[in-house]
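An overview of the molecular structure
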Amino acid sequence: MALDTGSVPEEFRDHPDWKDPAPSIVEAVTLGEGLRMARDASGKSLAELSTITRVHTRYLTALEQNDFSILPSRVFSTGYVRAYAGALGVDEQLAVERFKRECPDPSMPLQAPVGVAFEDVRRYSPRLIAAGLALVLAVVGWNVFQRVSLMRAPHPSALTATPESWTLGAVPGQDGLMRLSAPQPAPPDQTVPAFYITPGLEAQLTGIRPGSAEALAAAAADAAPVQKAFNPRGAIYGASATASQVVLQARKAASLVVRMGDGRVLFARQLVAGEAWRAPDGISATIDTSDPSAFDVYLNGEHGGGLQSVLTPLGQLNNRAHALARQTAAAVAARTEAREAAAIEAQVETTAPAGPDVIPG
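Residues numbered from 1 in each chain as written. Predicted model: local features only at pLDDT ≥ 70, side-chain atom pairs only at ≥ 80, totals over all residues. Heavy atoms only, no water.

1. Comments concerning the sheet that holds strand 4 (residues 265-271)
The four strands are arranged 4-3-6-9 in an open sheet whose pairing can be described as antiparallel. Looking at the sheet topology across the chains shown, the edges are occupied by strand 4 and strand 9 (311-313). For this sheet the average axis-to-axis angle between neighbouring strands, irrespective of direction, equals 15 degrees. Relative to strand 4, strand 3 (residues 254-260) runs antiparallel, the two sharing six bridges. Note on strand 4: the bridge partner recorded for Ala254 is Leu271. (Pairing = 2+ DSSP bridges. Helix = DSSP H or I, 4+ residues; strand = E, 2+ residues; numbered from the N terminus. Axes fitted to C-alpha atoms, helices over the stretch in contact; angles between N-to-C directions.)

See below:
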């Protein structure tokens, strides 16, 4: 779309490739004169422009001569003006607006002017002013009437004598009902009764007699230390909880890549602190990480240390988890047998009859 750029410096005009811009459509006296001036400046003939715009030369000549009577319908005429202006390099929208102004559409009826006539406003203004004043007077009168109707003349009090309680500060006959005394101590704390312990039940369940200090110390010494349990603090990837005994949890952001024996990648992800990966059981793979100290290893839900090297066989961790599970199962079975034997022994001791009294000689 051509623009009216105004004056052009002489150094640009002296250039061999310089071409004068198309004259503005608003500088011509009429639309046709502007189109003709633009065609002369372009150096193109009506035949060439007819080929470019696909508009018959008869209509292009009519546009240049402002003979709008031979043009077709309004829609086609507007399209011809837009196409002709675009081919000449002048502003298409300005050309269309000028065409509509110089050749108005006769099929469009003139619209009646909108608004209120000044004579009507001057005719009805006294009535409107009077109605507004009447409304204001009515509101003011109503408020005055309400205030006057609520006003009451002052009348003497029916109180002939001052009550005695007003002068003395107390009601007669109620002396001693309210007295201030020294602060009392706080009530004792609520006590909770001791739990009832069934005789022999604890020894039967645990195999340890409550009164035996040696048995309690031995049980505490045999108890295995409790390791730190796995605590999910982010997304968990990999196998399900029932199909995995090894979990790798990231202490800090680090990459974790698990490759199968044939080179396929089983898992690869940049884990953030708290995220974990559950290793499937029974799969031969290799754990590859650039920072082994960034991962904690959990075997059967308990902390088993960290990764020792950059490349760690997954089967090694699964074997450790299986061995720990077998040791735990054996220890639990041994403790259960010992408790059962101790319970049977305690039951025999409590049910054995007392021996005959020995009479000293």
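2. Some thoughts on the sheet that holds strand 1 (residues 236-238)
In sheet architecture, strand pairing relies on hydrogen bonds along the backbone and comes in two forms, parallel and antiparallel. The sheet built from five strands is open, its strands ordered 1-5-2-7-8 with mixed pairing. On the outer flanks of this sheet lie strand 1 and strand 8 (302-306), each paired with one strand and no other. Averaged over neighbouring strand pairs, the angle between their axes works out to 30 degrees when direction is ignored. In terms of strand pairing, strand 2 (residues 246-250) meets strand 5 (residues 276-279) through four bridges, oriented antiparallel.

3. Description of the packing of aromatic side chains
Inspection of every chain in the model, using the stated rule, returns six aromatic pairs. Ring geometry for Tyr59 and Tyr80: centres 5.5 Å apart, planes at 20 degrees, overall stacked. Within this pair, whereas Tyr59 is found in helix 4 (residues 57-64), its partner Tyr80 is found in helix 5 (residues 74-88), the two being separated by 21 residues in sequence. Per residue, the accessibility class of Tyr59 equals that of Tyr80, and both read buried. Here the aromatic residues Tyr237, Phe267 and Trp277 are joined through ring pairs into a cluster of three or more. (Phe/Tyr/Trp six-rings, centres within 6.5 Å; stacked < 30°, edge-to-face > 60°. Buried < 20%, exposed > 50% of the residue type's maximum accessible area, 1.4 Å probe, protein only.)

4. Observations concerning the pattern of salt bridges
The tally for this structure, following the rule as stated, stands at eight salt bridges. Close ionic contact of Asp291 with Lys252 constitutes a salt bridge, the shortest N to O distance being 3.2 Å. Taken together, the residues Asp291 in the loop between strand 6 (285-288) and strand 7 (295-299) and Lys252 in the loop between strand 2 and strand 3 connect sequence positions 39 residues apart. Note that Asp262 and Arg264 form a salt bridge whose closest N and O atoms lie 2.9 Å from each other. Of the residues examined, Asp262 reaches a relative accessible area of 53% and is grouped as exposed. Arg264 sits in the exposed class, given a relative accessible area of 53%. (Salt bridge = Lys/Arg side-chain N within 4 Å of Asp/Glu carboxyl O.)

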